[in-house]
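# What the coordinates show
Listed below are the residues making up each chain.
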Amino acid sequence: MVCLGNICRSPLAEGILQAKAQAAGLDWQVESAGTGGYHNGEAPHKLSQKVAKLNGIDIAGQRGRQYVATDMDAFDRIYTMDEDNYQEVKRISGRQFKPEKTDLILNSIYPSENRSVPDPWYGTEPGYHEVFELLSNACDRIIADYLQASKYRQ
Ligand code: 4NP
């Protein structure tokens with residue numbers, strides 16, 4: 001899960017997908033990172049923590065880190081919160097970039113529309129709730145699609 005600061009959106013995305021995967025009995029390792037390194041080592045934004053907690057998810061233990069090229073091979077799927085961060089992931093990954101495993105997360109629920117998860121950084125609490133709702137719907141779909149596809153796999 002990749003955003004700019006790894007402080008508002010992607011920590012929520014990590015917490016949500018990890019919780020939903022666990023609830024579905026899937027042993028997934030979910031991580032998040034930012035394409036900028038300004039908040040390395042910091043806990044998620046207070047409002048991201050608050051909104052996660054109101055929804056039964058604890059993200060307080062997460063710490064910010066920057067996306068690195070080796071993440072491209074370390075993970076099966078890379079989800080970015082918007083187009084700018086998609087382009088940054090591509091740039092940072094260099095020759096390791098794999099378009100087939102990288103996508104904007106909202107394309108899971110709005111295919112090919114390249115919609116952004118709005119950055120709540122400059123806003124107030126309702127913006128964080130809106131982000132939570134979008135990411136929750138996207139993560140539900142990611143898991144449902146995975147389970148559907150795995151029915152046809154041996
Ligand atoms: P995020 O939000 O990408 O959702 O974590 C931001 C957090 C910090 C900054 C920008 C966006 N910043 O400029 O420090």
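Residues numbered from 1 in each chain as written. Predicted model: local features only at pLDDT ≥ 70, side-chain atom pairs only at ≥ 80, totals over all residues. Heavy atoms only, no water.

This brings us to the overall build of the chain. Helix and strand counts for the chain stand at five helices and four strands. Each helix and strand of the chain, ordered N terminal to C terminal, gives the series β-α-β-α-α-β-α-β-α. Rg of the C-alpha trace for the chain: 15 Å, near the compact-globule value of 15 Å for 154 residues, within the 12% margin. Projecting the C-alpha coordinates of the chain onto the three principal axes gives extents of approximately 45 × 35 × 30 Å. Counting only residues that meet the buried cut, the chain has 45% of its 154 residues in that class. Residue pairs at least 24 apart in sequence account for 69% of intrachain contacts in the chain once pairs closer than 6 positions are excluded. Of the roughly 8,300 Å² of accessible surface on the chain, 49% is carried by carbon and sulfur atoms. Separation between the mean location of the 17 positive side-chain charges and that of the 21 negative ones in the chain comes to 2 Å. (Helix = DSSP H or I, 4+ residues; strand = E, 2+ residues; numbered from the N terminus. Rg over C-alpha atoms; globule rule 2.2 N^0.38 Å. Buried < 20%, exposed > 50% of the residue type's maximum accessible area, 1.4 Å probe, protein only. Contact = heavy atoms within 4.5 Å. Areas by Shrake-Rupley, 256 points an atom, 1.4 Å probe, with all protein chains shown as cover. Lys, Arg positive; Asp, Glu negative; His and termini not counted. Charge placed at Lys NZ, Arg CZ, Asp CG, Glu CD.)

Neighbouring residues of the ligand: Cys-3, Leu-4, Gly-5, Asn-6, Ile-7, Cys-8, Arg-9, Tyr-38, His-39, Asp-119 and Trp-121. In this structure, Asn-6 approaches the ligand through a main-chain N or O atom, which is 3.4 Å from an oxygen atom. Contacts to the ligand include Asp-119, whose side-chain N or O atom sits 3.0 Å from an oxygen atom. A total of 350 Å² of accessible area belongs to the ligand in isolation, and the protein chains cover 90% of it. Along the lines of polarity and charge, the residues of the shell around the ligand split into six nonpolar, three polar and two charged. (Near = heavy atom within 4 Å. Polar contact = N/O pair within 3.5 Å; in protein donor to acceptor, adjacent residues only side chain to side chain. Nonpolar A, V, L, I, M, F, W, Y, C, P; charged D, E, K, R; others polar.)

Packing of helix 1 (residues 9–23) against helix 5 (residues 125–151) leaves a shortest axis separation of 9 Å and a crossing angle of 40°. Looking at the two axes, helix 1 sits oblique to helix 5. Pair helix 1 / helix 5 crosses with right-handed handedness. Where helix 1 abuts helix 5, its residues Arg-9, Leu-12, Ala-13, Ile-16, Leu-17, Lys-20 and Ala-21 lie against Tyr-128, Val-131, Phe-132, Leu-135, Ser-136, Cys-139, Asp-140, Ile-142 and Ile-143. For the contact of helix 1 with helix 5, the residue count by class is twelve nonpolar, one polar and three charged. (Axes fitted to C-alpha atoms, helices over the stretch in contact; angles between N-to-C directions. Parallel < 35°, antiparallel > 145°, perpendicular 65-115°, else oblique. Left-handed = near helix turned anticlockwise from the far one by under 90°.)

Across the interface, helix 2 (residues 46–54) lies against helix 5 with an axial gap of 9 Å and an inter-helix angle of 55°. On the basis of their axis angle, the class for helix 2 and helix 5 is oblique. For helix 2 against helix 5, the interelement crossing comes out right-handed. The residues of helix 5 that touch helix 2, namely those facing Leu-47, Ser-48, Lys-50, Val-51, Ala-52 and Leu-54, are Glu-125, Tyr-128, His-129 and Phe-132. For the contact of helix 2 with helix 5, a count of residues per class yields six nonpolar, two polar and two charged.

The next point concerns the pattern of salt bridges. Overall, the coordinates contain nine salt bridges when judged by the stated rule. Lys-20 is the salt-bridge partner of Asp-140, the closest N and O atoms lying 2.9 Å from each other. Residue Asp-140 is found in helix 5, and its partner Lys-20 is found in helix 1; the two are separated by 120 residues along the sequence. The exposure class assigned to Asp-140 is partly exposed, which follows from its relative accessible area of 39%. For the salt bridge of Arg-91 with Glu-88, the shortest nitrogen-to-oxygen distance reads 2.9 Å. Here Arg-91 and its partner Glu-88 are both found in helix 4 (residues 83–93), three residues apart, which amounts to about one turn of the helix. A relative accessible area of 54% means that Arg-91 is categorised as exposed. The exposure class assigned to Glu-88 is partly exposed, which follows from its relative accessible area of 26%. (Salt bridge = Lys/Arg side-chain N within 4 Å of Asp/Glu carboxyl O.)

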